[in-house]
Amino acid sequence: MKESAVKSPQETFERIQERALAEWDALSNSPKPRITIGTATCGRAAGALEVLKTFKEELAEKRVDAIITEVGCMGHCYAEPLVVITKPGLPPICYGYVTPGIAARLISDYILGNDPCPEFALGALEENELIPTIFDQPRFQYEKRILLARCGDIDPEDINQYIANGGYAALLKALGMAPQDIIEDITRSGLRGRGGAGFPTGDKWQICRDAPGTARYVICNADEGDPGAFMDRAILESDPHSVIEGMIIAGYAVGAAKGYIYVRIEYPLAVARVDTALRQSAELGLLGDDIMGHGFGFEIEVMRGSGAFVCGEETALIASLEGRRGWPWHRPPFPATEGLKNQPTLINNVKTLASVPPIIDRGAEWFANIGTPASKGTAVFALAGKVLNTGLIEIPMGTTLRKLIFEVGGGIPNGRKFKAVQIGGPSGGCLPESLLDLPIDFDSLTEAGAMMGSGGMVILDEDNCMVDTARYFLDFTRKESCGKCTFCRLGTAQMLDILEDITRGEGNPGDIALLEELAADIKGGALCGLGKTAPNPILTTLRYFHEEYEAHIAEKRCPAKVCPELTAFYILPVKCERSCDACVGSCPVEAIFSGKKGIKVIDQEKCVKCGSCVDACPPQYSAVIRISPVSELPPSEPRPPDKNGKD
Amino acid sequence: MEKIKLTIDGVPIRAKQGEKVLFAALDAGIYIPNLCAISGVRPHAGCRLCFVEIEGRPQPVTACTEEVAEGAIVHTDGPRIRRLQRTALELLLASHPIECKTCPANKHCELQNIASFLKVNLNTKRFRKKLRDLPVDDSHPDIILDPNMCVVCSKCIWACVEQRGIGALNYAFRGDRTIISAFGGDRLVDTRCDGCGLCAEVCPVGAISKNVKKST
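Note that the structure is a prediction, hence the values are computed from the model and not measured.

Quick look at the pairing of strand E1 (residues 3-8) of chain B now. Along any regular strand, the residues point their side chains to alternate faces of the sheet. All names here are of chain B. Taking every second residue as pointing to the same face, the buried face of E1 carries Ile4, Leu6 and Ile8, while none of Lys3, Lys5 and Thr7 on the other face is buried. Pairing geometry for E1 and strand E2 (residues 11-16), over 6 bridges, is antiparallel. Residue pairing for E2: Lys5 is matched across the bridge by Arg14. Connecting the antiparallel pair E1 and E2 is a turn made up of 2 residues, with Asp9 showing a positive phi of about 50°. Here E1 runs beside strand E5 (residues 73-75); their pairing, made up of 2 bridges, is parallel. In the strand pairing of E5, Ile8 is matched with Val74.

See below:
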């Protein structure tokens, strides 16, 4: 390669882009069939690596020349492992729930034959005559992919695929702008922090740029830790360069030369893919001294956090990064003025940083036109729990919860009834059916007592006990409390004790009032955001599901029939198919015996309330039911005495 | 240096710039309950007892983290302040063995003082008693460490690590299991502790005390 003496960033980038585009063209227009497999963590958990292995082995054995590309999360985590097959001249077809057996079929019938196996297909990715497209599903009417645009489409370990799809063009554009103009663009776009609190990003950048200091730092907060949340992991695993590019632009805008990605070590694949991405960026001169010959230098280091939830709090994160105990400090000073090594430090969430390149690329006005007046752009949610289409989704701010859960998420499985949506993780709250028409934006959710949070969304149905749900989240915050301040350290433990008593049927009439008092004091008195928001799961369930608390305390009844101490299992004699022994075999403690006429009976003394018999009882009988309160259990016939020492 | 003029509980006060409201008040003889504050050190802000109200601020704030501001009007008493302080104190008392008669800190214990100031019974029953039954480290000839008594104010860590540069003491575990422990979970006698006793002097309760029996 000939190198001329001095090149402008424009020329440097064009050469990089040219090669990337040529590679992408060759891949897209290859005469060989192309197999794309989602191997992010969601895919791997469902067996994507076995599917990948089968494809490789079968192709080798059958001597088929095909291209296999590993990509990140396509968003349809419910249908993992996902595979897209593109045969030259035919539309790409997406297959879901792929097993090694299906993989072998797809090779023999479609790649070698002409049968696209529509029975395994979720849909085609282009309009065609053969197979309905995946875009006919209702979720695509509501989804708007900006941050997830490339996720599941490109190989996250190949920087050229990112560049060929528009990557690093925003960086080139930014380097041609004055830093102050970039900050103004971010401010005009209306972008707010995606870590949960929703602080205006442009303001934070401006404060950091204006703060006096001898050095400045940019930190990407990838310490995602809410139960059920996996947005940041998916983005780092699927499109790591979008975050890196955002960080470099942020560094240039605020005047920083060094960035850190603080990512939890429980995300090994994300760490590995970020490491690879950083190496590739540096090799192309997009990171390091003198980026693209512009003169601006920026380097990024990965810091692996050990997984303490509180280290997602920015002052605790900085303490951890400095090698000190990861606990929060009083703000102000805010990190933007006095952060890492007491220097101005910009800390942004993964999604905030990944939003930066599209804003620079397509303009602040374009971004500001998406969403609501006060919450611009899109929101990425990890949809989990009792919903059909679990996975990663991106919708414009302002979409209602109802649309998100029932149209995009496909509603509640097994004909069950929706009860609540837990949004915002341990800092968020549970919102009931009556609030489903609430628009998803920072302020509406906070007003309702929940929180936008980082994007975790867990759907609960009628089989979930709300007291137990609050207990679950309090158990989490109690364990994750750093222990620094009195309210969080001791207050969450006290609240958990009260909740545990209530779920055990040992609650007292004064417990609700005590919970309310303590929750209000912790909210008002705790040191950091974790403590201040820890009572939210209790406060929202008390506000919207008060009757469930009352039932637990006053009637010793768990309305959802979940809390084991308040629930008994019972076999309805009229429904029991006498000669069937399914429940007997399923019981791990031999609590079920055959009574008169062979009807099965549960020995309540022995029953450990595991629920195995409910699952084991064939659906045509559905004879095992749950009863709460336990006092309503009909009398059962006594267990016959042992005949030969064994029942 | 120009002094800042502010009013605390109606008393006009002059304090140096950058001073925290807590120490400005204490210097002027106005008591605000506190366990973890150390003058001139980055506020630990962990005990959550020194709440005050500053006019114009929507919520009570901790006096140890608030810098004095010209013309500020500060109140150290009021229902919102007392409610937060009492809850914090009662949470601490619920996790603290009330064995004052045998405690080395008896009569000079900050918990006793604050409880008396806030009119809270040491044996308050509002919350469940949650004691931990942790082993007492009396291995060292000069220092006894009883983590059961600890209120996690962190003053001893400041004394041992920041002041003395020894680092015999540090935090262990997190959440409500957080304790002050000899470094690495060792016995104190196996650490670099030189028995200077600064930790015992700054301990507001009876968690760290001088080993009277052995040293006499």
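Now that the structure is up, let's keep going.
Quick look at the side chain of Glu245(A) now. Residues and elements named next belong to chain A. Here Glu245 shows up in helix H11 (residues 240-254). Of note is the side chain of Glu245, whose polar atom sits 2.4 Å from the side chain of Tyr162. Ignoring any residue separated from it by four or fewer positions in sequence, one finds Glu245 in contact with Tyr162, Gly167, Tyr168, Ala169, Ala170, Leu171 and Pro357.

A few words now on the sheet that holds strand E5 (residues 121-124) of chain A. Residue and element names in this part refer to chain A. Pairing is mixed across the open sheet formed by 5 strands, whose spatial order is E2-E1-E3-E4-E5. Among the strands making up the open sheet, the edge pair consists of strand E2 (67-71) and E5. Averaged over neighbouring strand pairs, the angle between their axes works out to 20° when direction is ignored. In terms of strand pairing, strand E4 (residues 93-95) meets E5 through 3 bridges, oriented antiparallel. Bridge pairing in E5 places Ile93 opposite Ala124.

Attention now goes to the domain arrangement of chain B. Residues and elements named next belong to chain B. We note that the domain assignment places domain 1 (1-131) and domain 2 (132-216) within chain B. In this structure, domain 1 and domain 2 have C-alpha centres spaced 24 Å apart. Contacts between domain 1 and domain 2 engage 20 residues on the former and 16 residues on the latter. The junction of domain 1 with domain 2 conceals about 1400 Å² of combined surface from both sides, 68% of it contributed by carbon and sulfur atoms. One can count 0 salt bridges joining domain 1 with domain 2. Where domain 1 touches domain 2, the interface holds 4 residue pairs in polar contact (both at pLDDT 80 or more). Class assignment for the residues of the side of domain 1 that touches domain 2 results in 13 nonpolar, 4 polar and 3 charged.

Moving on: helix H20 (residues 511-525) of chain A. Helix length check: H20(A) (15 residues) gives 20 Å between terminal C-alpha atoms against 21 Å at 1.5 Å per residue, within 8%. Restricting attention to buried positions, one finds in H20(A) the residues Asp511(A), Ile512(A), Leu514(A), Leu515(A), Leu518(A), Ala519(A), Asp521(A), Ile522(A) and Gly525(A). Tucked inside the fold, the buried residues of H20(A) contact helix H19 (486-503), helix H21 (529-533), helix H22 (536-544) and helix H23 (546-554) of chain A together with strand E3 (51-54) and helix H2 (79-94) of chain B.

To continue, consider the interface of chain A and chain B. Taken together, the 34 residues of chain A in the interface contact 31 residues of chain B. If you look at where chain A meets chain B, you find 7 salt bridges. Lys130(B) is the salt-bridge partner of Asp497(A), the closest N and O atoms lying 2.7 Å from each other. Counting the contacts that link chain A with chain B gives 19 residue pairs in polar contact (both at pLDDT 80 or more). Of all the secondary structure elements, the ones that give two or more residues to the side of chain A that touches chain B are helix H18 (466-480), H19 and H20 of chain A. Counted by class, the side of chain A that touches chain B contains 14 nonpolar, 8 polar and 12 charged residues.

The rules behind the values
- Residues numbered from 1 in each chain as written.
- Chains lettered and ligands numbered in written order.
- Predicted model: local features only at pLDDT ≥ 70, side-chain atom pairs only at ≥ 80, totals over all residues.
- Heavy atoms only, no water.
- Buried < 20%, exposed > 50% of the residue type's maximum accessible area, 1.4 Å probe, protein only.
- Helix = DSSP H or I, 4+ residues; strand = E, 2+ residues; numbered from the N terminus.
- Pairing = 2+ DSSP bridges.
- Polar contact = N/O pair within 3.5 Å; in protein donor to acceptor, adjacent residues only side chain to side chain.
- Contact = heavy atoms within 4.5 Å.
- Axes fitted to C-alpha atoms, helices over the stretch in contact; angles between N-to-C directions.
- Domains from an automatic or database assignment.
- Buried area = accessible area lost by both parts, 1.4 Å probe.
- Salt bridge = Lys/Arg side-chain N within 4 Å of Asp/Glu carboxyl O.
- Nonpolar A, V, L, I, M, F, W, Y, C, P; charged D, E, K, R; others polar.
- Expected span 1.5 Å × (residues − 1).

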